[in-house]
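Residue-level structural notes
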Amino acid sequence: MALLNTPSQDQIKRLTKALLHDHLDGGLRPQTLIEIADRIGYKKLPTNDPIELAKWFEDSCNSGSLVRYLETFAHTIAVMQTREGIIQVARESVIDLARDGVVYAEVRGAPELLTEQGLTSDQVVEATLEGFKQGMSEAEREGNKIRVESLLCGMRQSNRSKEAAEGLNNITCLRLGFFFASLKADSKGQGVVGFDIAGPEDGFPPTNQLQEFEFLKKENAHFTIHAGEAFGLPSIWQAVQICGTERIGHGVRIVEDIDFSSKEPKLGLLSSYIRDRRIALELCPTSNLQTGIAKIYSDHPIGKLAKLKFHVTLNTDNRLMSNTSMTHEMQECVKSFGWNFADLQTVTVNALESSFIDHEDKLEIIEKTVKPAYSKISAE
């Protein structure tokens, strides 16, 4: 019965959390941006004051436009063009997540964006994994054990994501990262577990990369697809029914296939399919407010979708751009939708169940870490 209690802010901070949708180039510390920019001679930051810089990112992303939102990444990408920069960003990302109570995370990044100054895709992946490894070790020394895995993104607007491939010597950046990363994934907690396509949805449907997804399915590789954020139901339908995605990045606009005009909401064919097959929605409420999905948190569809028993997960998307954390997202859901410990545990378990790691590993984290923590903290 304790799980039915409403958690306090302090309790939410201490709860264990799981995260499926977090972008490496969207989670930099402002001070790190400034430090690396100074080190490499990058002069285009709008300010060198970390507090002002954090505010600039958040304000710039509050435009209601996904395109404008994505433009802010020019600065973060610019300071991630060296091995040292990537390792630092990846290491700090893990530490920051662990300090927020995250025990499992899949952090995604696009190797092709970090090759402008001569790094190869292989070197980008290797540096990212090295940073994660260092971050996990440092977090554990601080008493915050965390497991972080990598997702590789292809950019849907890039011609490099459309290259036709005949074999391993002529593969896209996405595929190249997969094979190199697979060779380097020699221990748990250090490897690439899946794939994604990111970037602007409108005008770049997921079917543009159908060949890549067919290839990944043949290789028994996991993948998720950004869909249903800036573009509606057709994007979600293509991602699920044609490309065969296991999860949907955002997917918030699935509510457009639900009729809420009567007392009992009526699901359409697509929304029923997604709910019945437990296809995870990687929902990122604060980020969605910035791109115009809703005006205030309490109007975000996550509340309705959770009540309708969709396989909802709660995520940060870009912690720098949204000035957010998993603790913040949980606090807002408690305040806006009246969520209790049980609701927060559900989205945490949902995330782990839909993660791209081995089934035994999922169960171990759920049964030995998540549920005991929720039981203990909720009983206080």
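Everything numeric in this text was worked out from a predicted model, so none of it was measured. (Residues numbered from 1 in each chain as written. Predicted model: local features only at pLDDT ≥ 70, side-chain atom pairs only at ≥ 80, totals over all residues. Heavy atoms only, no water.)

Remarks on the overall build of the protein
The helix and strand tally for the protein stands at 17 helices and 10 strands. The C-alpha atoms of the protein give 20 Å as radius of gyration, which agrees with the globular expectation for 380 residues (21 Å, within 12%). For the protein, contacts bridging at least 24 residues in sequence account for 76% of all contacts bridging at least 6. Side-chain charges of the protein comprise 42 positive and 53 negative groups, with the mean position of each set lying 3 Å from the other. (Helix = DSSP H or I, 4+ residues; strand = E, 2+ residues; numbered from the N terminus. Rg over C-alpha atoms; globule rule 2.2 N^0.38 Å. Contact = heavy atoms within 4.5 Å. Lys, Arg positive; Asp, Glu negative; His and termini not counted. Charge placed at Lys NZ, Arg CZ, Asp CG, Glu CD.)

Let's talk about the packing of aromatic side chains
A complete count under the given rule lists four aromatic pairs for this structure. Three or more aromatic residues link up through ring pairs in this structure, and these residues are Tyr297, Phe337 and Trp339. Above the ring of Phe356, the side-chain terminus of Arg247 is found at 4.0 Å from the ring centroid. The ring of Phe260 has Lys304 lying over it, and the distance from NZ or CZ to the ring centre is 4.5 Å. (Phe/Tyr/Trp six-rings, centres within 6.5 Å; stacked < 30°, edge-to-face > 60°. Lys NZ or Arg CZ within 6 Å of the ring centre and 35° of its normal.)

A few points about helix H6 (residues 83–99)
Its 17 residues give H6 an end-to-end C-alpha distance of 24 Å, which sits within 8% of 24 Å, the value for a rise of 1.5 Å per residue. Counting buried positions along H6 gives 12 out of 17 residues, so the element sits mostly inside the fold. All buried positions along H6 are accounted for by Gly85, Ile86, Ile87, Gln88, Val89, Ala90, Glu92, Ser93, Val94, Ile95, Leu97 and Ala98. Next to the buried residues of H6 lie strand E1 (17–23), helix H2 (30–40), strand E2 (102–109), helix H7 (121–141), strand E3 (147–155) and helix H14 (319–322). Of the residues trailing H6, Gly101 is marked for its positive phi of about 95°. (Expected span 1.5 Å × (residues − 1). Buried < 20%, exposed > 50% of the residue type's maximum accessible area, 1.4 Å probe, protein only.)

Details of H7
Its 21 residues place the ends of H7 31 Å apart at the C-alpha level, agreeing with the 30 Å of an ideal helix rising 1.5 Å per residue. A positive backbone phi angle near 90° is found at Gly143, which sits one or two residues after H7.

What to know about the sheet that holds E2
Across a sheet, strands are paired by hydrogen bonds formed along the backbone, either parallel or antiparallel in direction. Sheet architecture is open: four strands sit in the order E1-E2-E3-E4, paired in parallel fashion. In the strand order of this sheet, the two ends are held by E1 and strand E4 (192–198), each with one partner. The sheet shows a mean angle of 25° between the axes of neighbouring strands, taken without regard to direction. Inspection of the sheet shows E3 paired to E4 by six bridges, in the parallel sense. Counted as the bridge partner of Cys153 is Asp196 from E4. Contacts from H6 reach E1, E2 and E3 within the one sheet, and its direction differs from that of E2 by about 145°. Against the sheet, helix H16 (residues 341–353) makes contact with E1 and E2, and its axis sits at roughly 60° relative to E1, the strand it touches most. (Pairing = 2+ DSSP bridges. Axes fitted to C-alpha atoms, helices over the stretch in contact; angles between N-to-C directions.)

Let's talk about the nonpolar core
One finds Phe132, Ile146, Ile274, Leu305 and Phe310 to be the most contacted residues of the largest nonpolar core, which totals 105 residues. The contact partners of Phe310, leaving out residues within four places of it in the chain, are Ile258, Leu267, Ser271, Ile274, Arg275, Arg278, Leu281, Leu305 and Asn350. (Core = buried A, V, L, I, M, F, W, Y, C linked by side-chain atoms within 4.5 Å.)

A closer look at the state of the cysteines
One way to say it: the disulfide is the covalent bond shared by the sulfur atoms of two cysteines. Taken as a whole, this structure holds zero disulfides when the rule is applied. Here Cys284 stays free of any disulfide, with the sulfur of Cys333 as its closest cysteine sulfur at 11 Å. Overall, Cys284 belongs to the buried group, its relative accessible area being 0%. (Disulfide = S-S within 2.5 Å.)

Description of the sheet that holds strand E6 (residues 247–250)
Ordered in space as E5-E6-E9-E10, the four strands form an open sheet in which the pairing is parallel. Where the open sheet ends on each side, the last strands, each with one partner, are strand E5 (224–227) and strand E10 (312–314). The average angle at which neighbouring strand axes cross in this sheet is 30°, direction not considered. Note: E6 against strand E9 (residues 280–283), three bridges, orientation parallel. Looking across to E9, one finds that Ile248 is bridged to Leu281.

A few points about the environment of Gly194
Relative to the elements of secondary structure, Gly194 occurs in strand E4. Residue class for Gly194 comes out buried when judged on its relative accessible area of 0%. Residues Gly194 and Asp257, spaced 63 residues apart in sequence, show a C-alpha to C-alpha distance of 28 Å. If sequence neighbours within four positions are ignored, Gly194 has contacts with Ser150, Leu151, Leu152, His222 and Phe356.

Brief notes about unusual backbone geometry
Phi is positive for Lys309, which is not a glycine, with a value near 70°. Along the polypeptide, Lys309 turns up in the loop between helix H13 (302–307) and E10. With a relative accessible area of 57%, Lys309 lands in the exposed category. Even without being glycine, Asn323 reaches a positive phi, approximately 50°. The residue Asn323 is located in the loop between H14 and helix H15 (326–337) in this model.

Considering the pairing of E1
Of all seven residues that make up E1, seven are buried, and the element is covered over most of its length. Pairing of E1 with E2, which is carried by five bridges, proceeds in the parallel orientation. Bridged to Ala18 within E2 is Tyr104.

So, the environment of Asp59
When you line up the elements, Asp59 lands in helix H3 (residues 50–60). Overall, Asp59 belongs to the partly exposed group, its relative accessible area being 41%. Sequence separation between Asp59 and Tyr69 is 10 residues, and the spatial gap between their C-alpha atoms is 9.8 Å.

Some words on the confidence of the model for the protein
The pLDDT averaged across the protein works out to 90; a share of 91% of its residues lies at or above 70. Contacts for the low-pLDDT stretch residues 183–189, under 50 throughout, to residues beyond four places or in other chains number 13 contacts. (pLDDT = per-residue confidence, 0-100.)

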